Amino acid sequence: MKRLFGWILAAGLVATMAAGAAQAEGTLRVAVPSNVNTLDPAKTKIGEEYIINNLVFSGLTESDPKGQVKPDLAESWTASDDLKTWTFKLRDGVKFHDGRPLEAEDVKATIERVMDKATASVARVNFSIVEAIETPDKNTVVFKLTQPYAGFAEILADRQVRIVPRDKLDTIASKPIGTGPFKLDLFQPGDRFELSKNADYYNPDIPKLDKILIRIIPERAAQFAALENGEIDLIWDVPPETISQYKDNPNVEMDSIATSTWDGVILNANQKPFDDQRVRKAVSLALDRQGLVDIALFGAGTPTHTMIPPTHPYYNSDLPITKPDIAQAKALLAEAGYADGFEIPLYVPSGRPTRERLGLGVAEMLKPIGIRAEIQRVPWDKFVKDIEGKAAFFIDGFYSRPTIDTSIYPWYHSTGSWNTTLWNYSNPEMDKVLDAARAAKTDEERAALYKKFQEVAEASPAGIIPYVLNHTNAFSPKVKNFHSHPMMWLDLREVTVE
Amino acid sequence: MTVYILRRLLAIVGILIVTSVLIFGVTQVLPGNVAYVIVGQFATPEVVAAVEQRLGLNDPVYVQYWRWASGILRGDLGQSMVMDRPVAPLIWDALRASALLAVLSFICVTIIGIALGVIAAVRRNKLTDHAVSMFTYLGISVPEFFWGIVLIILFARYLHWLPSGGIGDSDADWGTRLKHLILPTATLTFTLIAHVSRLTRSSMIETLRSNYVRNARAKGLPERVVIYGHALRNALLPTITVLAIDVGWLIGGIVVVESVFAYPGLGRLLIFAIERHDLPLIQGTILIIAAIYAVANLIADLLYAFFNPKIRYA
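Remember, predicted model here, so these are calculated numbers, not experimental data.

Criteria and cut-off values
Residues numbered from 1 in each chain as written. Chains lettered and ligands numbered in written order. Predicted model: local features only at pLDDT ≥ 70, side-chain atom pairs only at ≥ 80, totals over all residues. Heavy atoms only, no water. Helix = DSSP H or I, 4+ residues; strand = E, 2+ residues; numbered from the N terminus. Rg over C-alpha atoms; globule rule 2.2 N^0.38 Å. Contact = heavy atoms within 4.5 Å. Areas by Shrake-Rupley, 256 points an atom, 1.4 Å probe, with all protein chains shown as cover. Lys, Arg positive; Asp, Glu negative; His and termini not counted. Charge placed at Lys NZ, Arg CZ, Asp CG, Glu CD. Pairing = 2+ DSSP bridges. Axes fitted to C-alpha atoms, helices over the stretch in contact; angles between N-to-C directions. Buried area = accessible area lost by both parts, 1.4 Å probe. Salt bridge = Lys/Arg side-chain N within 4 Å of Asp/Glu carboxyl O. Polar contact = N/O pair within 3.5 Å; in protein donor to acceptor, adjacent residues only side chain to side chain. Phe/Tyr/Trp six-rings, centres within 6.5 Å; stacked < 30°, edge-to-face > 60°. Buried < 20%, exposed > 50% of the residue type's maximum accessible area, 1.4 Å probe, protein only. Lys NZ or Arg CZ within 6 Å of the ring centre and 35° of its normal. Parallel < 35°, antiparallel > 145°, perpendicular 65-115°, else oblique. Left-handed = near helix turned anticlockwise from the far one by under 90°. Core = buried A, V, L, I, M, F, W, Y, C linked by side-chain atoms within 4.5 Å. pLDDT = per-residue confidence, 0-100.

*Asks:* Would you mind going over the overall build of chain A with me for this structure?
*Replies:* If you tally the helices and strands in chain A, you get 15 helices and 19 strands. Taken over the C-alpha trace, chain A has a radius of gyration of 25 Å; the compact-globule value for 498 residues is 23 Å, and the two agree within 12%. Counting only C-alpha atoms, chain A reaches 80 × 70 × 40 Å along its principal axes. The contacts of chain A with a sequence gap of at least 6 include a subset with a gap of at least 24, amounting to 69%. With the model as given, the accessible surface of chain A reaches about 19,400 Å², and the carbon-plus-sulfur share is 52%. Averaging the locations of the 57 positively and 68 negatively charged side chains of chain A gives two centres separated by 3 Å.

Now the structure itself:
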C-alpha cells in the first residue's frame, strides 16, 4: 500500500512539473463546440468548418467586417459595361502551402468544381449564372455570365469558394493545401486542429501568430473553465444564454458583432390565414422586436426590418423598426375576417435554443390580438423534411450569405429558391426593386435600391425577421488585435498572444 | 480449461454476429437521412439521390448488411459516410484513448473500492462504515455528467489545479497526459465505486463471521493476517463478478464522461456518429464496444476460477 501511495505521489509530482512548461510563443488556443465533417472547402456547411476554410485557404476576394468586398488573391478586377464579363488579375508570387505557385488554372478548376453537381456544394446555386471561365494567361481569369450581375466579385468571397490546387483535388479533404495565412499540420477528428504560420503568405507582415491550436470542447462549462484556467485563450461563438457569466469576469474579454444571420417567423402565403396580406401585417404589428431580442437572444442581437443588419451601409436607418400596435393589428385582423382571432400550431425546431425561445415569445405576443399559437417542438430531421416549406406557421433561421443579393433575392423575389420553399411571397414591386439592384452599376444606385427593398418589406411583410444575431467571442486579455467577424469565422491574421 | 475457453470464444463470436444484426437493424430504423447530413438542406433531390446511390443506401437491407459484415471479416469496418475516411483508424485512435481512461478507472475502482469495502466491513456500523457508504452512494446516485461538471468547476475553474479536459497536446509528455486523465478518471471511479465497495463489504462481513476466520483468530494470528491473508481472498470472489459487470457500466459511463471532458475516445466518437447518422461509424463503434464487453466477461469468469480452486470449468 505504501508503495502504491509512493507511485501516486511521484506521478502527481511529474504532472505538476510538466504543467509549468512554457507554451510556445505566439500560440493561440481556441475552443470550438463541435467536430467538423469535412475539410474540403467546397463541401463545408458549419461554422467550425468555415473557421478552417478561412485560416487555410484564401478566396479571390474577401468580405471585410463591414460586408464590403476587398481584394484577396485577386489584386484587382474589372467588369464589362453590361456586367456580364468579369476579369480578375491574380496577385503575383502567391504560393500554395506545398510551394507550387498559384495559377489562373487553379481558380478555374476550383470554381468548376463548386459548379459541378457531383460536388454537392451549397455555393453551387450562386454560380449558375457562370457560362464560361477563361484563363488567357497565368495571372488572369475571365468569367462570362449569362446575365448582368453587379455582385459577382462578392460571391467569390464566399466560404465554399476558397481556391484549391488543381493537382490536389482528390486529397483536399484529408490534406487541405491552400494559400491561406496558416497551414494545417494536424487534424485529430473529434479532438483538435493544429495549424502553423504560412511563412510564404502573400502579405509578408502577417500572420503574426506562430501556431494555432483549435480544440473541440462540446461542454460549455468545460470551455469556460479552460479559458479561466489558461488552457485556452479564446472561445469561439459564445451562445447568448451564457454571455452574462463571462461578462462578470474581469479576466475575460468579450467582442460582439452584428451578423446577417437571422431567425424568423415564417408565414406561408400559400395557406390560410397568411394568404391575406392584412393578417401578415397584423402579426408584424403585434410583435415587439426588442422584446424578442431579449427573450430569444438574452439581448445579444439587433432588431431589424429584414436580414440587412444595422451595421451594413445599405441599412435603411430612416425607416423606424415597427413598434407594437395592438389596436391597429386587431383592426387589420377584423378587416380580414378574423375578428375573434384564430388558433394555429406554431412549429419550432427543437435543439435550436434561440429559435425555440423566439417561438415562445411570438406565441405570447400574439395573444393580445387573439391569435392563439400552440407551440409544437419538432426534431431537426423531421423539421427539415416535414415542416420547412410545408407548414403555414413556423420558426426558422439562416446563416448570413456572402452578399446582400444572395442574402435577400432567394428569400424575397417571387422566383427566389427560398421564397418558394418558405413563405411564397409575391409582390411585383419587390421583384422590380430586387432585379434592378442586381443590375445596378454604381454603389449609390444599389444602396438606394436596397433601402427601398427594406421599405417594401416593411409595408407588405412576407414574414417577420425580427432581428439579426450577434456573434460573440470570449477571450483572455493576453489576446491582442482580435475582432469578431460578421461571417463568424476567425480572422487571426493580425492577432498576437502576449 | 482450454476446451472451456475455446467454447466461450466461440460463443463470443456467436454473440457478436447476433449483435451485428441487431446494430444493423437498429441503425436502419434511426430517423433522419445521412445524405441530408452530408449535402445539407440546400441540396436538390437529385443531389441527395446521387449521394444515396454512391453510399449504397438504396440497396436492399440484406445486401447492405452483407457488404458490411463481409467487410468486417476482411478486417474492413467500412468508410465513414460523413467524414469520408476509413472507419477502422478512427475507431483505433479513439479506442486507444478510451482504453487508457478505462483501464486507469478500472484500476482505481478495484483498488479503492475493495479497500473501502474492507475498511467498512472491519469497522462495520461505526462512523467510518457510515462515512464510506455515504461517500459511495453519493457517487452512484447522481449521474456522471453532474460530477464531471462539478469537478471541472472546482479543480479547473476555481483552483486551477487540473486541465478541464482533452488529452493534452500531441507533443505532451506523460506527466501532462496524466493530468488530463485525473478528472475523467475520478468521475468514472466515483460513479462506479459503490458496486465494488458495497459488495466487498457484505461479502467480507460474511467471511469474517465464518468458522475458519474464527479458527485463525483463535490460533492467535494477528488481525492483519486474518483479514488480508485469510478472509480477503475468499471475500473477493463475488467482487470479481461485479467488476466484470462494472466493465459494462464503465463503457456506458465513458460515453458520457468523454463528452463532458472533451476526451476523444470511443464514447465521443459514438455520439459524433449518432448525431450525424454516420451508419458505418455507429455500427463499427458499437461492435467494438460489444466485443470489449464480451471479452471482459470471459476474463472475469476465468479469474473467478483462478481465485477459487473449487470451481473447475469443463
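*Asks:* What should I look at first to understand the sheet that holds strand S4 (residues 74-79) of chain A in this one?
*Replies:* Sheets are built from strands paired through backbone hydrogen bonds, the pairs being either parallel or antiparallel. All names here are of chain A. What the 4 strands build is an open sheet, ordered S4-S5-S7-S6; its pairing is antiparallel. Each edge of the open sheet carries a strand with a single partner, namely S4 and strand S6 (130-137). Within this sheet the neighbouring strands show an average axis-to-axis angle of 20 degrees, counted without direction. As paired elements, S4 and strand S5 (residues 85-90) share 5 bridges and run antiparallel to each other. Residue threonine 78 lies in a different strand from S5, and its bridge partner there is threonine 87.

*Asks:* I tried to follow the interface of chain B and chain A on my own but got confused; where do I start?
*Replies:* How large an interface is tends to be reported as the accessible area lost when its parts come together. Across the contact, 45 residues belong to chain B and 51 residues belong to chain A. Across the chain B to chain A interface the summed buried area is about 3,600 Å²; carbon plus sulfur atoms make up 55%. Measuring nitrogen to oxygen at the nearest pair gives 2.8 Å for the salt bridge that ties Glu228(A) to Arg157(B). Put simply, chain B and chain A have 8 residue pairs in polar contact (both at pLDDT 80 or more) between them. Breaking the side of chain B that touches chain A down by element, the ones donating at least two residues are helix H2 (34-39), helix H3 (45-55), helix H5 (87-122), helix H7 (144-158), helix H8 (174-208), helix H10 (223-260) and helix H11 (266-275) of chain B.

*Asks:* What's the story with the packing of aromatic side chains in this structure? I'm lost.
*Replies:* For any two aromatic rings, the description comes down to two numbers: the centre-to-centre distance and the angle of the planes. Summed over all chains, the structure comprises 32 aromatic pairs over all chains. Relative to Phe482(A), the ring of Phe475(A) has its centre 5.3 Å away and its plane inclined at 65 degrees; by these criteria the two rings are edge-to-face. A relative accessible area of 5% means that Phe475(A) is categorised as buried. Given the relative accessible area of 5%, Phe482(A) is considered buried. Taken together through their ring pairs, the aromatic side chains of Trp262(A), Phe398(A), Trp411(A), Tyr412(A), Trp418(A), Trp423(A), Tyr425(A) and Phe453(A) make up a single cluster. The ring of Tyr409(A) has Arg438(A) lying over it, and the distance from NZ or CZ to the ring centre is 3.6 Å. Here the guanidinium or amino end of Arg177(B) rests over the ring plane of Trp174(B), the centre of that ring lying 5.6 Å away.

*Asks:* I keep staring at the pattern of salt bridges and nothing clicks. Help me out?
*Replies:* Side chains that carry opposite charge are capable of pairing whenever their charged atoms lie near each other. Per the stated rule, a full pass over the model turns up 31 salt bridges over all chains. Between Asp191(A) and Arg192(A) there is a salt bridge, and its shortest N-O distance comes to 2.8 Å. In this structure Asp191(A) comes out as buried when scored by relative accessible area, which is 1%. As a salt-bridge pair, Asp93(B) and Arg96(B) come within 3.2 Å of each other at their nearest N and O atoms. Residue Asp93(B) and its partner Arg96(B) are both found in helix H5; the two are separated by 3 residues, about one turn of the helix. Judged by its relative accessible area of 32%, Asp93(B) is partly exposed. Classification of Arg96(B) by relative accessible area gives partly exposed; the value is 49%.

*Asks:* Any chance you could explain the side chain of Asp255(A) here in plain terms?
*Replies:* All names here are of chain A. For aspartate 255, the position within the fold is in strand S12 (residues 253-267). No salt bridge is formed by the buried aspartate 255. Its closest oppositely charged neighbour is lysine 247, at 12 Å. Setting aside its immediate chain neighbours within four residues, aspartate 255 contacts His471, Thr472, Asn473, Phe475, Phe482, His483 and Ser484.

*Asks:* Explain the packing of helix H6 (residues 127-141) of chain B against H8(B) to me, please; I cannot follow it from the model alone.
*Replies:* The angle between the axes and the distance between the axes are what describe a pair of packed helices. Residue and element names in this part refer to chain B. Remark: H6 packs on H8, axes separated minimally by 6 Å, with the N-to-C direction vectors making an angle of 140 degrees. For the element pair H6 / H8, the angle class is oblique. H6 and H8 meet at a crossing whose hand is left-handed. Contacts between H6 and H8 involve Asp129, Ser133, Phe135, Thr136, Tyr137, Leu138, Gly139 and Ile140 from the first element and Phe190, Thr191, Ile193, Ala194, His195, Ser197, Arg198 and Arg201 from the second.

*Asks:* What should I look at first to understand unusual backbone geometry in this one?
*Replies:* Residue and element names in this part refer to chain A. With omega at -5 degrees, the peptide bond leading from isoleucine 206 into proline 207 counts as cis. Following the sequence through the fold, proline 207 ends up in the loop between strand S9 (192-197) and strand S10 (211-216). Note the cis peptide between lysine 272 and proline 273, where omega equals -5 degrees. Positive phi, close to 60 degrees, is recorded for leucine 83, a residue that is not glycine. Note that leucine 83 resides in the loop between S4 and S5. Unusually for a residue other than glycine, asparagine 424 sits at a positive phi of about 50 degrees. Checked against the element boundaries, asparagine 424 lands in the loop between helix H13 (417-421) and helix H14 (428-439).

*Asks:* Would you take a moment to explain helix H12 (residues 404-412) of chain A for this structure?
*Replies:* Along an α-helix, residues three or four positions apart point the same way, because every turn accommodates 3.6 residues. Residues and elements named next belong to chain A. Where burial is concerned, most of H12 is hidden: 9 out of the 9 residues are buried. Within the sequence span of H12, burial applies to Ile404, Asp405, Thr406, Ser407, Ile408, Tyr409, Pro410, Trp411 and Tyr412. The opening residue of H12 is threonine 403, an N-cap whose side-chain oxygen sits 3.3 Å from the backbone nitrogen of aspartate 405.

*Asks:* How should the nonpolar core be read in this particular structure?
*Replies:* The tendency in soluble globular proteins is for nonpolar side chains to be buried side by side. One finds Leu227(A), Ile235(A), Tyr246(A), Ala474(A), Ile152(B) and Met204(B) to be the most contacted residues of the largest nonpolar core, which totals 51 residues. Among the secondary structure elements, those contributing two or more residues to this core are helix H5 (220-228) and helix H6 (243-247) of chain A together with H5, H7, H8, helix H9 (211-218) and H10 of chain B. When residues in this core are grouped by element, the largest group, 12 residues, is from H10(B). In this structure Ile152(B) touches Ala221(A), Ala222(A), Ala225(A), Arg157(B), Ser164(B), Leu183(B), Val260(B) and Phe261(B), once residues within four positions along its chain are discounted. Ranked by size, the runner-up nonpolar core spans 36 residues in total, among them Leu285(A), Leu292(A), Ile344(A) and Ala373(A).

*Asks:* When you look at the confidence of the model for chain A in this model, what are you seeing that I'm missing?
*Replies:* Any segment with low pLDDT has predicted coordinates that should not be analysed in fine detail. All names here are of chain A. Taken over all residues, the pLDDT of chain A has a mean of 88, while the share at 70 or more is 95%. Mean pLDDT in chain A bottoms out at helix H1 (residues 2-19), which sits at 46, and peaks at strand S11 (residues 234-235), which reaches 96. Every residue in residues 1-6 is under pLDDT 50, and counting partners more than four places away or in other chains gives 2 contacts. In this model residues 8-24 is a low-confidence stretch, pLDDT under 50, and it forms 11 contacts with partners more than four residues away in sequence or in other chains.

*Asks:* Got a minute to help me understand the packing of H7(B) against H8(B) in this structure?
*Replies:* Residue and element names in this part refer to chain B. Interaxial distance between H7 and H8 falls to 9 Å at its minimum, and their mutual angle equals 140 degrees. By the angle between their axes, H7 is oblique relative to H8. Once H7 is placed against H8, the crossing between them reads as right-handed. Of H8, the residues touching H7 (which contributes Glu144, Trp147, Gly148, Leu151, Ile152 and Phe155) are Leu183, Ala186, Thr187, Phe190 and Thr191.

*Asks:* Where do I start with the pairing of S12(A) in this structure?
*Replies:* Each regular strand shows side chains that alternate between the opposite faces of the sheet. Residue and element names in this part refer to chain A. Across the 15 residues of S12, 12 count as buried, placing the element largely inside the fold. In this structure, S12 lies alongside strand S17 (residues 464-475), joined through 9 bridges in antiparallel fashion. Within S17, the position partnered with serine 256 by the bridge is threonine 472. With 6 bridges joining them, S12 and strand S16 (residues 393-398) adopt antiparallel strand pairing.

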